[in-house]
Amino acid sequence: MSKIALIFGITGQDGSYLSKFLLKKNYVVHGVKRRSSSLNTARIDSIYQEPFVKKKKLILHYGDVSDSNSVFSIIKNTKPDEIYNFAAQSHVAVSFEIPEYTTNTDAMGTLRILEAILKINKKIKFYQAGSSEMFGKVMQIPQTEKTPFYPRSPYGVAKLYSHWITINYRESYNLFASNGILFNHESPLRGETFVTKKIVQGLCRIKFGKQKKLYLGNLYSKRDWGHAEDYVEAIWKILQVRKPDDFVICTGKQYTIKNFLDITAKKLGIILKWRGKGLNEKAYNLDNKPIVEIKKKYFRPSEVDKLVGDYTKAKKILNWKPKHNLSSLIDDMINHEINLLKNDK
Ligand code: NAP
Ligand code: GDD
């Protein structure tokens, strides 16, 4: 018999990669999507099945984690073996602008799902999408499952609530509830306002003459970037082990935003010369035209300066390690953008 998975946040980057992964493993996948005035299902178009298809393997439901009724009835009706909670306002900078909404979704949303599991079926396994953003102003380098947390944004604080409430329900009610503590992971399907996608898309468009400049914020924060395709495999493995537990998922390698930009430009054959400092720092092309500029609006009220993880525990218990490195991640993202530009989409 096929296992049944329910994904909150199926229309996002990780939801779409995980759905494809689970369908290949012969799961029946139920996904929760939000109602929106324009279509928000582009990332799962390639696996969408029409309503008239018999024995559908991918079934979508309207719902929202801010709405307990929809959370409860979807879990009750779909009878999942496993629930993956990706639903979140996932943009750190935006969380400073809408902190209450971010908390309602990213913290309370998790509680609503856990409460529904408790009332409907305690055997359902639960994955919570935790974040390296919870480490924030890092207390230890590299960060492991034992590193103390110090979140630096409403997003990070909300995710920390979800982390602890997941552990609390595991310990109090014996639920199979596990946290992933995932470091930044990217892909061709990454949202367009995250820095990697913004850089790859911006430089590809500049290369094709479709854009003149790219505006960024802090070039000197450091991130540990992996590929979403690798990370959804780890997420699935977290629910397949004997005991519920919490795992850091990362690559163990760290780069600045500027490193990421320089590597991307080099791969595209764009020669850059950096001049100036602070808000006046600019990258010039061979014609001495500035193509990258810094804008204050992209800086955050408080920043996470450096993140780098240690995936020893995941390697030992999940037998997981990343397959992609930064170079192959950027290649994948560039190829996708260039294909779109060549087809003029
Ligand atoms: P994403 O692309 O922004 O996807 C978020 C998903 O949540 C989307 O499907 C979104 O729906 C949905 N959503 C937002 N608010 C919701 C609500 N109130 N009710 C139901 N669904 C809602 O994020 P991602 O990169 O796939 O990340 C997946 C999860 O992992 C998120 O929880 C994120 O915070 C966490 N995480 C991500 C990373 C990373 O580097 N990518 C690292 C650590 C943790 P719409 O499509 O309608 O907006
Ligand atoms: N988004 C964005 N846009 N970030 C910029 C820009 C810009 O124009 N310029 C510089 N940055 C810097 C940010 O200040 C931050 O230090 C870094 O680039 C990465 O920003 P994002 O790509 O927005 O990712 P994030 O690290 O804040 O958050 C992502 O990773 C978390 C895991 O650590 C998100 O996916 C979160 O949902 C996730 O939990």
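Reference entry: report on the structure contained in this document.

What counts, and where the lines are drawn
Residues numbered from 1 in each chain as written. Chains lettered and ligands numbered in written order. Predicted model: local features only at pLDDT ≥ 70, side-chain atom pairs only at ≥ 80, totals over all residues. Heavy atoms only, no water. 1 Å grid on protein atoms, 1.4 Å probe; cavity = no way out; pocket = protein on both sides within 12 Å on 5 of 7 lines; lining within 4 Å. Points joined across faces, edges and corners; volume = space filled by probe spheres on them. Nonpolar A, V, L, I, M, F, W, Y, C, P; charged D, E, K, R; others polar. Pairing = 2+ DSSP bridges. Helix = DSSP H or I, 4+ residues; strand = E, 2+ residues; numbered from the N terminus. Axes fitted to C-alpha atoms, helices over the stretch in contact; angles between N-to-C directions. Contact = heavy atoms within 4.5 Å. Near = heavy atom within 4 Å. Polar contact = N/O pair within 3.5 Å; in protein donor to acceptor, adjacent residues only side chain to side chain. Areas by Shrake-Rupley, 256 points an atom, 1.4 Å probe, with all protein chains shown as cover. Buried < 20%, exposed > 50% of the residue type's maximum accessible area, 1.4 Å probe, protein only. Right-handed = clockwise from strand over helix to strand, strands pointing away. Phe/Tyr/Trp six-rings, centres within 6.5 Å; stacked < 30°, edge-to-face > 60°. Lys NZ or Arg CZ within 6 Å of the ring centre and 35° of its normal.

## So, the layout of surface pockets
Roughly 150 Å³ of internal volume is contained in the second largest pocket. The wall of the second largest pocket is formed by Thr144, Glu145, Lys146, Phe149, His163, Trp164, Ile167, Asp245, Asp246 and Lys313. Tallied by class, the residues present in the lining of the second largest pocket amount to 3 nonpolar, 2 polar and 5 charged.

## Describing the sheet that holds strand S5 (residues 125-131)
A sheet is described by the order of its strands in space; here 7 strands give the open sequence S3-S2-S1-S4-S5-S6-S11, paired in parallel fashion. Edge positions in the open sheet fall to strand S3 (58-62) and strand S11 (246-249), since each of these has one partner strand only. Taking the axes of each pair of neighbouring strands and ignoring which way they run, one obtains an average angle of 20° across the sheet. Contacting strand S1 (4-8), strand S2 (28-33) and strand S4 (82-85), helix H1 (residues 13-24) runs over the sheet at an angle of about 175° to S1. The strands that helix H5 (residues 154-173) touches are S5, strand S6 (177-182) and S11; relative to S6, the one it contacts most, it runs at about 150°.

## Notes on the site of ligand 2
Surrounding ligand 2, one finds 25 residues, the nearest of these being Ser131, Ser132, Tyr155, Arg300 and Glu303. At a separation of 2.8 Å, an oxygen atom of ligand 2 approaches a polar side-chain atom of Arg190. Between ligand 2 and Gly217 there is a distance of 2.8 Å, counted from a nitrogen atom to a backbone nitrogen or oxygen. Contact with the protein chains covers 96% of the free accessible surface of ligand 2, which is 710 Å².

## A few points about the pairing of S1
Counting buried positions over the 5 residues of S1 gives 4, a clear majority of the element. Sheet analysis places S1 next to S2, joined by 5 bridges and oriented parallel. When the sheet's bridge partners are listed, Ile4 is paired in S2 with Val28. The handedness of the S1 to S2 crossover, carried by H1, is right-handed.

## A few points about the sheet that holds strand S13 (residues 273-275)
One open sheet accounts for 4 strands, arranged S8-S15-S14-S13; its pairing is mixed. In this open sheet, the two strands that pair with only one neighbour each are strand S8 (214-216) and S13. Strand after strand, the sheet turns through a mean of 20° between neighbouring axes, direction not considered. Here S13 runs beside strand S14 (residues 282-284); their pairing, made up of 3 bridges, is antiparallel. Counterpart to Trp274 in the pairing with S14 is Ala283. Here helix H6 (residues 195-207) sits on the sheet and contacts S8 and strand S15 (290-294); the angle it forms with S8, its principal contact strand, is near 160°. Contacts from helix H8 (residues 257-267) reach S8, S13 and S15 within the one sheet, and its direction differs from that of S13 by about 150°.

## Considering the packing of aromatic side chains
Tallying each qualifying case throughout the model produces 9 aromatic pairs. Both rings, one in Phe135 and one in Phe183, keep their centres 6.0 Å apart while their planes meet at 35°; by these two values the pair is tilted. Placement of Phe135 in the loop between S5 and H5 and of Phe183 in the loop between S6 and strand S7 (185-186) is noted, with a sequence separation of 48 residues between them. Phe183 shares its class with Phe135; the two are buried. The interplanar angle of 85° and the centroid separation of 5.6 Å between the aromatic rings of Tyr231 and Trp320 together place this pair among those described as edge-to-face. Within this pair, whereas Tyr231 is found in helix H7 (residues 228-238), its partner Trp320 is found in the loop between helix H9 (312-318) and helix H10 (326-342), the two being separated by 89 residues in sequence. Accessibility classification places Tyr231 together with Trp320 in one group, the buried group. Members of the aromatic cluster, each reached through a chain of ring pairs, are Tyr84, Phe86 and Tyr127. Here the basic side chain of Lys198 rests over the ring of Tyr298, its NZ or CZ set 3.4 Å away from the ring centre. Directly above the aromatic system of Trp274 lies the positively charged group of Lys258, at a separation of 4.7 Å from the ring centroid.

On their own, these measurements won't tell you what the molecule is for.
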